[in-house]
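# Coordinates in review
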Amino acid sequence: MSRQGGVYSFGFANIDRIEVLSATVLRIKLKNYDSFFPFFLNAVHIVPAKFIERGIDSLPVIGSGPFRLRSFSPEHIELEANQDYFLGRPFLDGVIVDIYPNQRTCLSKLIAGDADLIILTGMFDYDVFENIQEFEAGQFLMETQYWVLLNVRRPLLKNSGIRKSLLAAMSGIDVFSKNNSADGSVLYHKDDFSSLSEMDNLKKAIKSLNEEGWRDSDGDFFLDKNGQVFRVNFLIAADDEVSQRVVKQIKDNLEQVGISVEYEAVPSYKDLIAKGFINRDYDLMLISSNVRSGMPQQYLFWHSSLIDKGGNSGGYNNPEVDRLLDEIRYNPNPEVRKKAEKDLAIALKDDPPGVPLFVKETPVLVNKEFVGFSDDPFEFFSSFRNVRIRERSD
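Attention here is on the structure that accompanies the text. (Residues numbered from 1 in each chain as written. Predicted model: local features only at pLDDT ≥ 70, side-chain atom pairs only at ≥ 80, totals over all residues. Heavy atoms only, no water.)

Moving on, we get to the pattern of salt bridges. As enumerated under the stated definition, the model contains 17 salt bridges in all. One salt bridge connects Glu-255 with Lys-251, and the closest N-O pair in it is separated by 2.7 Å. Pair noted here: Glu-255 and Lys-251 are both in helix H8 (residues 241-256), with a separation of 4 residues, about one helical turn. Note on Glu-255: relative accessible area 29%, which makes it partly exposed. Since its relative accessible area comes to 24%, Lys-251 is described here as partly exposed. Asp-281 is paired through a salt bridge with Lys-275; the nearest N and O atoms lie 2.7 Å apart. (Salt bridge = Lys/Arg side-chain N within 4 Å of Asp/Glu carboxyl O. Helix = DSSP H or I, 4+ residues; strand = E, 2+ residues; numbered from the N terminus. Buried < 20%, exposed > 50% of the residue type's maximum accessible area, 1.4 Å probe, protein only.)

Quick look at the side chain of Asn-367 now. Summarising the element assignment, Asn-367 is placed in strand S13 (residues 354-367). For Asn-367, a relative accessible area of 12% translates into the label buried. Here Glu-369 takes part through its backbone nitrogen, which lies 2.9 Å from a polar atom of the side chain of Asn-367. (Polar contact = N/O pair within 3.5 Å; in protein donor to acceptor, adjacent residues only side chain to side chain.)

Spatial ordering of the open sheet is given by S3-S4-S5, a layout of 3 strands whose pairing is antiparallel. Strand pairing shows two members of the sheet lacking a second neighbour, strand S3 (67-72) and strand S5 (94-98), which therefore form its edges. Sheet twist, expressed as the mean angle between neighbouring strand axes with direction ignored, is 20 degrees. Sheet analysis places S3 next to strand S4 (residues 76-81), joined by 5 bridges and oriented antiparallel. Opposite Phe-72, over in S4, you have Ile-77 as the bridge partner. (Pairing = 2+ DSSP bridges. Axes fitted to C-alpha atoms, helices over the stretch in contact; angles between N-to-C directions.)

Glancing now at the pairing of strand S1 (residues 15-20). Along any regular strand the residues' side chains alternate between the sheet's two faces. Judged from the 5 bridges that link them, S1 and strand S2 (residues 26-30) form a sheet pairing that is antiparallel. Bridge pairing links Glu-19 to Arg-27 in S2. Remark: 5 residues form the turn of the hairpin made by S1 and S2, two consecutive strands paired antiparallel.

What follows covers helix H5 (residues 160-170). Burial of H5 is extensive: 9 of the 11 residues sit out of reach of the surface. Along H5, the residues that are buried comprise Gly-161, Ile-162, Arg-163, Ser-165, Leu-166, Leu-167, Ala-168, Ala-169 and Met-170. Two or three places before Gly-161, at the start of H5, stands the capping residue Asn-159, its side-chain oxygen 2.6 Å from that residue's backbone nitrogen.

Counted by the stated rule, this structure contains 16 aromatic pairs. Seen in terms of ring centroids, Phe-36 and Tyr-299 are 5.8 Å apart; in terms of plane orientation they differ by 80 degrees. Their pairing is edge-to-face. Placement of the pair is Phe-36 in the loop between S2 and helix H1 (37-43) and Tyr-299 in helix H10 (residues 294-302), with a sequence separation of 263 residues. This pair shows no difference in class: Phe-36 is buried, exactly as Tyr-299 is. Where Trp-302 meets Tyr-316, the ring centres are 6.0 Å apart and the plane angle is 75 degrees; that geometry is what we call edge-to-face. Note that Trp-302 is positioned in helix H10 and Tyr-316 in the loop between H10 and helix H11 (319-330), a separation of 14 residues in sequence. Both residues of the pair, Trp-302 and Tyr-316, belong to the buried class. Three or more aromatic residues joined by ring pairs make a cluster, and in this case those are Phe-10, Phe-12, Phe-36, Phe-37, Phe-39, Phe-40 and Tyr-299. Above the plane of the ring of Tyr-299 lies Arg-329, whose end atom (NZ or CZ) is 5.1 Å from the centre. (Phe/Tyr/Trp six-rings, centres within 6.5 Å; stacked < 30°, edge-to-face > 60°. Lys NZ or Arg CZ within 6 Å of the ring centre and 35° of its normal.)

These figures come from the coordinates and say nothing about function on their own.
Put into structure tokens, the structure is as follows:
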């Protein structure tokens, strides 16, 4: 697994051997305890080696879930019941997935009765749904953490004092009325900023930047130092409605403290990955990640051993953070890991590699005619095997 060099290949370097116990059971022996290993297993897809060797574009659709792929196009997917599913045939004969260009079209289809389930990935207003009696709202598919990744490779961002100033300037930005506080959802605690007003945080940022030698020497309202204007490039994905709204607030905040901001919107999140994570062509990048990815994802983003190896695109290098991440990953004692997580939060606050913004919940609207969906986000799609048309007894 690890020899292919994929993003999560480092997660499988700890495998000692794999034993085949039967046609359906494998035993994986690890060299050392690894609390992240279940995450890595969930993050990869198992396919025959011959397809991997031909390249990713040749990968077939392989799976053992409750439904099998019947047909596929970029706009339309049809699934049919897997008669041989090991937990039993699902109740539904099939599932049809239509992919629309935006959320407005999805809502139009919903209101017209042409959809039984939609996932709201963009901005939303629950007041609209109160008038759609046939659907039930409020079930959350996942929580997504939005944050700004700082490219520490850039000379301007190597200074931790500068990065702390950016943290203060962007603190409190939220396009939703409800701010986050889900356990494990933030990269580090924002206690230093949570008690301050947005204006006080901006003043704190300006003072910190002045102490680093950045001042408006020519009266153009932008900070400069040794003839260089404090200017940053911001990378976002154009197909993310939330990012589009957030970057405007960030630009306004940064310009209030005297930082010139130019932002580039690449067409899709896939393009963002290519330009930001692979080519590392950015100063600041607005990204989102699943809250439940938690510590394994922080290891991928911050551990210095992964610089230029598919992870840590910002080039962040902090020996204490490395040590704490290794403690969290490899120490079998849960109390030791818990303390290391708290210490990690402090270390990342003192030397920030990014700026946490907020957590966005992704709700699902489901036709009340159907029951059986799981409340667990990780089990939501696999629970389709239990979905059925509501009976009067339900």
